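Here is what each chain is made of, one letter per residue.
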Amino acid sequence: QVQLVESGGGFVQAGGSLRLSCAASGLTFSTYDMGWFRQAPGKEREFVAAINWGGGSTYYVDAVKGRFTISRDNAKNTVYLQMNSLKPEDTAVYYCAADRATIIGQPMNFTPASYDYWGQGTQVTVSS
C-alpha cells in the first residue's frame, strides 16, 4: 500500500519560511518523479514544483521561482519543499504526489491528473 505523508505545514508571517516534508512508503521511491501541488479555497489544485527520480532536474511554477526549493533524499524516501519569503498568496493546502514518468522516458508531468499517488495534504497559512 502506497503512502505519502506530508508534514511541516503551519502558520507563518509574511517573509517567513517553512520546510515541508513528504515521507513515502510502499513504492520504489527512487524511480518516481515527485511533485508538490497546492490548493487554495475555491481554487483548483495547481502545480508548485517537481523533481525527477534522480534529483538532477527540478521545475517550478513562476510564482515561486527563487523562493521555493524542492529536493529529495532517496535514501530516506523523502521529498522536501523549502519555502522562503512566504507571501499571503502562498496560503493553501500543500500536497505531495508521485508519478513514474521520466524514468520510463516520458516527459515530466505538471498536471495533477498525471500523478499516481497523493498525500493527504498539509495546511500552510501565511499572514500579512
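Calculation rules
- Residues numbered from 1 in each chain as written.
- Predicted model: local features only at pLDDT ≥ 70, side-chain atom pairs only at ≥ 80, totals over all residues.
- Heavy atoms only, no water.
- Disulfide = S-S within 2.5 Å.
- Helix = DSSP H or I, 4+ residues; strand = E, 2+ residues; numbered from the N terminus.
- Pairing = 2+ DSSP bridges.
- Axes fitted to C-alpha atoms, helices over the stretch in contact; angles between N-to-C directions.
- Core = buried A, V, L, I, M, F, W, Y, C linked by side-chain atoms within 4.5 Å.
- Buried < 20%, exposed > 50% of the residue type's maximum accessible area, 1.4 Å probe, protein only.
- Salt bridge = Lys/Arg side-chain N within 4 Å of Asp/Glu carboxyl O.

Caption draft 1: Fine view of the state of the cysteines. Under the definition given, this model contains one disulfide. Two residues, Cys 22 and Cys 96, share a disulfide whose sulfurs are 2.0 Å apart. Linking Cys 22 and Cys 96, the disulfide has an S-S dihedral of approximately 50° and is accordingly described as right-handed. Note that Cys 22 is positioned in strand β3 (residues 18-25) and Cys 96 in strand β9 (residues 92-99), a separation of 74 residues in sequence.

Caption draft 2: Spatial organisation of the sheet that holds strand β1 (residues 3-7). Pairing within the open sheet is antiparallel, and its four strands lie in the order β1-β3-β8-β7. Two strands in the sheet have a free side with no partner beyond their single neighbour: β1 and β7 (68-73). The sheet shows a mean angle of 15° between the axes of neighbouring strands, taken without regard to direction. As defined by bridge partners, β3 adjoins strand β8 (residues 78-83) across six bridges and the pair is classed as antiparallel. Each bridged residue has a counterpart across the sheet, and for Ala 23 the counterpart in β8 is Thr 78.

Caption draft 3: Up close: the nonpolar core. In this structure, Met 34, Trp 36, Leu 81, Met 83 and Tyr 94 are the most contacted members of the largest nonpolar core, which totals 28 residues. Listing elements by their share of this core, those giving two or more residues are β3, β4 (33-39), β5 (46-51), β7, β8, β9 and β11 (122-127). Counting six residues, the second largest nonpolar core, distinct from the first, contains Phe 37, Ala 50, Met 108 and Tyr 115.

Caption draft 4: Spotlight on the pairing of β8. Of all six residues that make up β8, five are buried, and the element is covered over most of its length. Pairing of β7 with β8 involves six bridges; the strand directions are antiparallel. When the bridges of β8 are listed, Ile 70 appears paired with Leu 81. Connecting β7 to the antiparallel partner β8 that follows it, the hairpin turn spans four residues, and Asn 77 within it adopts a positive phi of roughly 55°.

Caption draft 5: Unusual backbone geometry, seen in detail. Notably, Asn 77 is not glycine yet its phi reads approximately 55°, a positive angle. Mapped onto the secondary structure, Asn 77 falls in the loop between β7 and β8.

Caption draft 6: Local environment of the pairing of β3. In the sheet, β1 pairs with β3 via five bridges, with the strands oriented antiparallel. Within β3, the position partnered with Leu 4 by the bridge is Ala 24.

Caption draft 7: Fine view of the pattern of salt bridges. Within this structure, the stated rule accounts for four salt bridges. One salt bridge connects Glu 46 with Arg 38, and the closest N-O pair in it is separated by 2.6 Å. The exposure class of Arg 38 is buried, given its relative accessible area of 6%. Salt-bridge contacts for Arg 67 lead to Asp 90; the nearest nitrogen and oxygen are separated by 2.7 Å. On the criterion of sequence distance, the pair formed by Arg 67 in the loop between β6 (58-60) and β7 and Asp 90 in the loop between β8 and β9 is long-range, its members being 23 residues apart.

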